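# Architecture at a glance
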Amino acid sequence: MGELTPGQLEARYRDWPPRSWYATRGRRRILVGVGAASAGLIWISAIVCYYLAPSTTAMWTTFALTGAAFVIYVVVYSALVGATRGVIGLAERHLDERQSLERRKIQANAHRGTTVTLVVLGVLLSVAMPRGETVVQIPAAAIVMLVFGVIATHVILPSLMAGWQMSDPPPDDEDDLDDLDDGEGLGGEDEDGRSGWAPGRSGDGQPIDGKTAT
């Protein structure tokens, strides 16, 4: 995915994808799950090729799964770029210090995730190999899709981790003012229906006109 400038980021994500897709942590994590599923389709393609290749069924199944994975991830990636406000997707020179640090942490975690994936893959392959056989025949298509699956996982993990780890922003000042208007602040009423703030008095109990309180 190409890197964007701040102007391109603002123009591209003004109207689409809808902010409701990534407005809350729960929705962002749903997006991450869908993105992870897109990578899973490529791994499924490798399994299909292992059992069915070479065959027309394996070829068309691989094309269908890979195409679906690409389309799904492009949509998810677009939403995650908007959600992270450029932590992923924005060119490094346009990031501030906080965003740059956050990106480096995400990339480090993604590299560890790739390492874990390779270790797990090695263990599964060693367990799946027939016992007592020194030579195992594997279709070339299965090897290609397996390598493609590892590369795709390595590429998309940073964006998925960014979406998963991102927290909701703090409430705006307008929300705090709304709370005051609802009776939770100075202008509210107590449980007896009396006002919690007397006009003409400051917050420390002193009259505004400067006279000493008794």
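To start, this report covers the structure provided alongside it. (Residues numbered from 1 in each chain as written. Predicted model: local features only at pLDDT ≥ 70, side-chain atom pairs only at ≥ 80, totals over all residues. Heavy atoms only, no water.)

## Some details on the pattern of salt bridges
- Within the structure shown, the criterion is met by one salt bridge.
- Put simply, R98 and E102 hold a salt bridge, and the shortest N to O gap is 3.1 Å. Highlighted residues: R98 and E102, both in helix α4 (residues 97-128), separated by four residues, approximately one helical turn. (Salt bridge = Lys/Arg side-chain N within 4 Å of Asp/Glu carboxyl O. Helix = DSSP H or I, 4+ residues; strand = E, 2+ residues; numbered from the N terminus.)

## Overview of the nonpolar core
- Counting residues in each nonpolar core, the largest one holds 21 residues, and the members touching the most others are L31 and L80.
- For this core, the elements supplying multiple residues, two or more each, are α2 (25-52), α3 (56-84), α4 and α5 (140-165).
- Broken down by element, the residue count for this core peaks at seven residues, all from α3.
- If we ignore the near neighbours within four places in the chain, the residues touching L31 are W21, Y22, V76, A79 and L80.
- Residues I42, A46, C49 and M145 belong to the second largest nonpolar core, which totals 11 residues. (Core = buried A, V, L, I, M, F, W, Y, C linked by side-chain atoms within 4.5 Å. Buried < 20%, exposed > 50% of the residue type's maximum accessible area, 1.4 Å probe, protein only. Contact = heavy atoms within 4.5 Å.)

## Looking at the packing of aromatic side chains
- On inspection of all chains with the given rule, the structure shows three aromatic pairs.
- Both rings, one in W60 and one in F63, keep their centres 5.8 Å apart while their planes meet at 85 degrees; by these two values the pair is edge-to-face. Pair noted here: W60 and F63 are both in helix α3, with a separation of three residues, about one helical turn.
- Overall, W60 belongs to the exposed group, its relative accessible area being 54%.
- The exposed category is assigned to F63, whose relative accessible area is 51%.
- A centroid spacing of 5.8 Å and a plane angle of 45 degrees characterise the contact between Y73 and Y77, whose relative ring orientation is tilted. Here Y73 and its partner Y77 are both found in helix α3, four residues apart, which amounts to about one turn of the helix.
- The exposure class assigned to Y73 is buried, which follows from its relative accessible area of 9%.
- You can call Y77 buried: its relative accessible area is 13%.
- Sitting over the face of the ring of W164, R29 holds its NZ or CZ atom 4.2 Å from the ring centroid. (Phe/Tyr/Trp six-rings, centres within 6.5 Å; stacked < 30°, edge-to-face > 60°. Lys NZ or Arg CZ within 6 Å of the ring centre and 35° of its normal.)

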